[in-house]
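# Remarks on the overall topology
Take a look at the letters that make up each chain.
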Amino acid sequence: MPLLTSWIDSANAPDCPFPLNNLPCGVFSVDGSEARCGVAIGDMILDVTRLEEDGVIAPAEHPVFDVPYWNDFMDLGPDAWAAFRNNLIAMLGDGADADTRARIEPALVPMAEAVLEMPMVVSEYTDFYAGKNHAFNVGTMFRGAENALPPNWLHIPIGYNGRASSVVVSGTDVRRPWGQLKGPDDDAPRFAPSARFDIELEMGAIVGQPSDGPVTVDEADAMIFGYVLLNDWSARDIQAWEYQPLGPFQAKATATTISPWIVTRAALEPFRCDTPAREKELLPHLRDTGPMLYDIDLRVTMAPQGKPATQIVQTNYNVMYYSAAQQLAHHTTSGCAMNVGDLLGSGTISGPTKDSRGSLLELSWGGKEPMTLESGDTRSFIEDGDTLTLHGACHGDGYTIGFGACTGTLLPALKDPYAR
Ligand code: CA
């Protein structure tokens, strides 16, 4: 698909992350005013709450943008999503007439003046473990190469139920947690700040339609509204002690950061690609029915406090073993109900090479091989004041689909977490 040109010139640059082809959904405020729903276009945000108030758009018979989240709109379903997108493409496209432009222009807000907020209410959050390179690397470090991949791994997309309350939007500071730690040679655990705090480079899929029973992979794909970048901050030392046999708990509960713009499935459609070859045939209910991954270039940068950023990871979402549709289908097999606003983390996205590993645990191989940053600093895990940023882009024919940065800075642990 070629670039769709807009009468908003900034949207037509080949490297602009928000061309007319994208139209991602976010929530913003200006000067502390009430948060509103908006769509990114070029260097502007289209205030769709205002367009609905002014009667320029009416996605439903009742208002859906009178709230500072996209859940009410997602609830309308795929036909309404497509009609809304097509309407915006017509009104923002360079074929729009002067009358249309005059009705749109008052609702354009410079992105530079806006603060981006959580784009949706996260109803629930599940995190998967669908990157084979990551699962193999971490499994090797925790259990040895022979037991690296659990026996279930090639048959089901394994995951755990996370906490919706831990999900925050890009730009939110993250506080180094305290937790119970016990190294392999320690006689007893101790309670102390995590010393091995880490990132996980992931994609998040956002469920836009509910289900109340098992759904097929195709039905699951149609339920997904869009995708965000997701950093599943992880305390490795807490994780290593707590995770058996029920999986991660407090190690993953400090924060999970998402990028501020939901990039819709429609915008990603030209970038669909196949999952890798199956090493074991999947049972029929989880089999691939078409290309359900996406070709999304992913990068991570790390900046020590007051110093320039260094790129530490470069990989692609297309290396994942399971698609979000397969994960969602698996999630429903038990009859588990899914809700509008459910967030599914993909699992850490690590490629086959060292510089494509999506966590510091893997990059530094458990701390044994520290990295040297361009600032001259060395890192095995995150130090206080470091800023970690995820970047994502799909490269189309003369255009780019961006997600907005997914960033967070690590604050020092509290001196005494129980001080009152
Ligand atoms: Ca994770």
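Basis of the calculations
Residues numbered from 1 in each chain as written. Predicted model: local features only at pLDDT ≥ 70, side-chain atom pairs only at ≥ 80, totals over all residues. Heavy atoms only, no water. Helix = DSSP H or I, 4+ residues; strand = E, 2+ residues; numbered from the N terminus. Rg over C-alpha atoms; globule rule 2.2 N^0.38 Å. Buried < 20%, exposed > 50% of the residue type's maximum accessible area, 1.4 Å probe, protein only. Contact = heavy atoms within 4.5 Å. Areas by Shrake-Rupley, 256 points an atom, 1.4 Å probe, with all protein chains shown as cover. Domains from an automatic or database assignment. Buried area = accessible area lost by both parts, 1.4 Å probe. Salt bridge = Lys/Arg side-chain N within 4 Å of Asp/Glu carboxyl O. Phe/Tyr/Trp six-rings, centres within 6.5 Å; stacked < 30°, edge-to-face > 60°.

### Describing the overall build of the chain
When its secondary structure is counted, the chain shows 10 helices and 27 strands. In terms of overall dimensions, the chain is globule-like: its C-alpha atoms have a radius of gyration of 22 Å, near the 22 Å expected for 420 residues. For the C-alpha atoms alone, the extent of the chain along its principal axes is close to 75 × 50 × 45 Å. Counting all 420 residues of the chain, 54% fall into the buried class. By sequence separation, contacts in the chain at least 24 residues apart represent 71% of the contacts at least 6 residues apart. Of the roughly 17,400 Å² of accessible surface on the chain, 51% is carried by carbon and sulfur atoms.

### Some details on the domain arrangement of the chain
Many analyses report the size of an interface as the accessible area lost when the parts associate. For the chain, the assigned domains are domain 1 (9-117) and domain 2 (125-411). Centre-to-centre separation of domain 1 and domain 2, based on C-alpha positions: 29 Å. With 28 residues of domain 1 in contact, the opposing surface of domain 2 contributes 26 residues. Taken together, the two surfaces of domain 1 and domain 2 that pack against each other cover about 1,900 Å², and 67% of this comes from carbon and sulfur. Inspection of the domain 1/domain 2 interface yields zero salt bridges.

### Quick look at the packing of aromatic side chains
All chains considered together, the criterion is met by 19 aromatic pairs. Relative to Tyr243, the ring of Phe142 has its centre 5.6 Å away and its plane inclined at 75 degrees; by these criteria the two rings are edge-to-face. With Phe142 in helix 5 (residues 132-143) and Tyr243 in the loop between helix 7 (236-242) and strand 16 (256-258), the pair connects residues that are 101 residues apart, well separated along the chain. With relative accessibility at 16%, the residue Tyr243 sits in the buried group.

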